[in-house]
Amino acid sequence: MNKSFSVVLALFFLAQLVSAQSMSNQEMEKKIDEILNQLTLREKVDLCHAQSKFSTAGVARLGIPEIWMSDGPHGVRGEINWNDWGYAGWTNDSITAFPALTALAASFNPELSYEYGFALGEEARYREKDILLGPGVNIYRTPYNGRNFEYMGEDPYLASIMVVPYIKGVQKNGVAACVKHYALNNQEHDRHVIDVKADDRTLHEIYLPAFKAAVQQGGVWSLMGAYNQYNGQFATHNKVLMNDILKGDWNFDGVVVSDWGSTHSTMEAALNGLDIEMGTFTNGLTFSMNFPYHDYNLANPFYEKIKSGEIPESVVNDKARRILRLMLRTNMNPNRPLGRMNNQEHSDVARKVATEGIVLLKNENNFFPLKETKGLTIAVIGENATKPMTIGGGSSELKAKYEISPLAGIQNRFADATILHAMGYSSGPSAYGRVIESPLNQDSLFQNAVETAAKADIVLFVGGLNKNFQQDCEGGDRISYDLPFNQNKLLKAVLEVNSSVGVVLVSGNAVAMPWLKDVNAVMQAWYLGSEAGNAIADVISGDVNPSGKLPFSFPININDNAAHSFGEESYPGVNKTQEYKEGILVGYRWFDTKKIKPQFSFGFGLSYTTFAYSNMQTDKKAYGKDDEVKVSFTLTNTGNVAGAEIAQLYVSDPKSSVMRPVKELKGFDKVMLQPGESKEVSITVPVSSFAYYAVDSKSWVVEPGDFILQVNSSATDNQLKKKIKVN
Ligand code: GLC
């Protein structure tokens, strides 16, 4: 494309964006009133439930459009049939697969999160979707949760910071984001029914903050109710979650959408804040019963109860008002941009998120980056070197326009080396709700891999989990903390014939690493989407210096994990009920308090260079409750390659009237430094963020006294600290 044309094109899109100003609030409310007054009761009710798998009816006679929704958090899902979970077989719905949100969270880069959301929103817009069913921000409570790969880790502050720009980016395209799954959907086991008991403080300090940020800072236009129950009432129409907190305290003005099959009562759905009922009579993934859509809770039964006066018409008016507001922000906004799909910019964003999200966990003998590879023989061992990871995993699965495998990426980048490959094991095809054994002979795969490794100068073991059922997959949890498919045994055998081994884990969850001391290097490579292989090769080669840090802890043993320390009642639950007995002590909060050493801690990640921290200052010694604390320090790149460091600010309240975690993340900054360069870094945190949630007064309390501010390179690596006083 010649330069001038591309300038014209860019200006055209810029004009689109500038003119996409949605109407002012009062104009919008006036317009809503005008429309509402023209709608019949039936038309208002029909706005509140599905007409197909992923759409709701408009009002044809008035030209009010249907609302079309699509998964998912990492890309726009392939078109699904009108009335079953099968794919429609379209030929225009292949898209850019972006990295999983664990990778985005691991980048600790809010600006990049905006770019991610914007690019994804452009693709959703181009695919003519009005609601994109993501992001997911459920907190990482157990390494067994099948859907952790879709979420943003164990810390509410990190998830709260990273979710906001993603939502703004998506919605800049006139597409509604739909933050999910609200709330306490932290496992897949028994997800449709399990009744979660969590105390108020735990709810407010750990499980709600990311949703609150999505609403109050992100301005999210829709939110998805979760399948599980909370304190005996289904989350999707839970009075406390939906009326008291979301629409009451947080003043949410958007639309609550159910999860697919998460609605169980007309009265509760009507009165407890559900606005659009989707997917009833289905399990949200594979099967549907053939009830017609007018049998939905918010269809005929709702209509009849309003007609009879049992439910006041004001109830449906509020739902219709919210839905029309979402329409005026999306498919009834005449100025919204046109969207774009499968272009170089989107591929570049996908690759950038992937490379910034990769976490280097171990790197002895400078194993990585691989230099002077000319004439070297590199054995790439493991099924994850070639297994497509954009399919499977559940509703977040994608029909990617392309997906560069780790093997292809390595072959492209190290063309001067001899690259061997052996699968080593075969996991079988991905299927939902069941495991299908592979027909291949595992022994011969194993043997072949060992022989291949023996011939090589170095081995790259590309293993991990995958998107099969009981791995990183919706609808079920993992059943073991170990690497599956005999990988530990294979890795051991490979190490016996070749001591130069680097492990690349393609996964979305922590795993046991009995082989850790025996390998030279470990890289956490997440599910990285279309650009996976290129990003992995970028980092392995040193073209990109890794800067990602873990968004969740890796326990050494599964029973070191908080949720797994309190028996079955805590995880996976007994008789469809479970209790979050660890309370607020999730993740590093647990490891700190119980003095348990994790395998790798939250916020940990190595670089090809090193950094030094010095000279921590605070702008004052004592602060009032409404003050902001300005923390500054000097960060120096003490190595010989450029790199980015994620400096983390944790706060401790050493003397408090309530039990508090040893420390909590309250700030971070990602700083790029040239070799030898020093920068003054400053992180500003409001004193109000030092508060704990007081259950009795239902309020956030900052107790006067000393607080300790710690500048860390990870949850377990303190670099600098300073005491301040709060009056
Ligand atoms: C699924 C998932 C949800 C998804 C929806 C539509 O069951 O729980 O995340 O957006 O149904 O596929």
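Reading guide: rules and limits
Residues numbered from 1 in each chain as written. Predicted model: local features only at pLDDT ≥ 70, side-chain atom pairs only at ≥ 80, totals over all residues. Heavy atoms only, no water. Helix = DSSP H or I, 4+ residues; strand = E, 2+ residues; numbered from the N terminus. Buried < 20%, exposed > 50% of the residue type's maximum accessible area, 1.4 Å probe, protein only. Near = heavy atom within 4 Å. Polar contact = N/O pair within 3.5 Å; in protein donor to acceptor, adjacent residues only side chain to side chain. Areas by Shrake-Rupley, 256 points an atom, 1.4 Å probe, with all protein chains shown as cover. Nonpolar A, V, L, I, M, F, W, Y, C, P; charged D, E, K, R; others polar. Salt bridge = Lys/Arg side-chain N within 4 Å of Asp/Glu carboxyl O.

Caption draft 1: Fine view of unusual backbone geometry. At the junction of Asp71 and Gly72, the peptide bond is cis and its omega measures out at 0 degrees in the coordinates. As for its position among the elements, Gly72 is in the loop between strand S3 (67–70) and helix H4 (101–107). With an omega of -5 degrees, the peptide bond running from Phe368 to Pro369 counts as cis. In this structure, Pro369 sits in the loop between strand S11 (359–363) and strand S12 (377–381). Phi is positive for Asn251, which is not a glycine, with a value near 60 degrees. The exposed category is assigned to Asn251, whose relative accessible area is 61%. The phi torsion at Gln470 lies on the positive side, around 70 degrees, for a residue other than glycine. As for its position among the elements, Gln470 is in the loop between strand S14 (458–464) and helix H16 (487–497).

Caption draft 2: Representation of the site of the ligand in the model. Lining the immediate environment of the ligand, one finds 16 residues, of which Asp71, Arg147, His181, Tyr227 and Asp259 sit closest. Residue Asp259 places a side-chain N or O atom 2.7 Å away from an oxygen atom belonging to the ligand. Starting from 310 Å² of accessible surface for the ligand in isolation, the protein chains cover 100%. Classifying every residue of the shell around the ligand gives six nonpolar, three polar and seven charged.

Caption draft 3: Seen up close, the pattern of salt bridges. Summed over the entire model, instances satisfying the criterion amount to 46 salt bridges. Measuring nitrogen to oxygen at the nearest pair gives 3.9 Å for the salt bridge that ties Glu531 to Arg351. Remark: Arg351 occurs in helix H13 (residues 344–357) and Glu531 occurs in the loop between strand S16 (521–524) and helix H17 (532–541); sequence separation between them is 180 residues. Under the relative-accessibility criterion, Glu531 is labelled buried at 6%. Look at Arg351 and you get partly exposed, because its relative accessible area is 31%. Taking the shortest distance from any N to any O, the salt bridge between Arg351 and Asp538 comes out at 2.8 Å. Of this pair, Arg351 sits in helix H13 while Asp538 sits in helix H17; the two residues are 187 residues apart in sequence, bridging distant segments of the chain. A relative accessible area of 8% places Asp538 in the buried class. Salt bridges sharing common partners tie together Arg147, Glu150, Glu188, Arg191 and Glu474.

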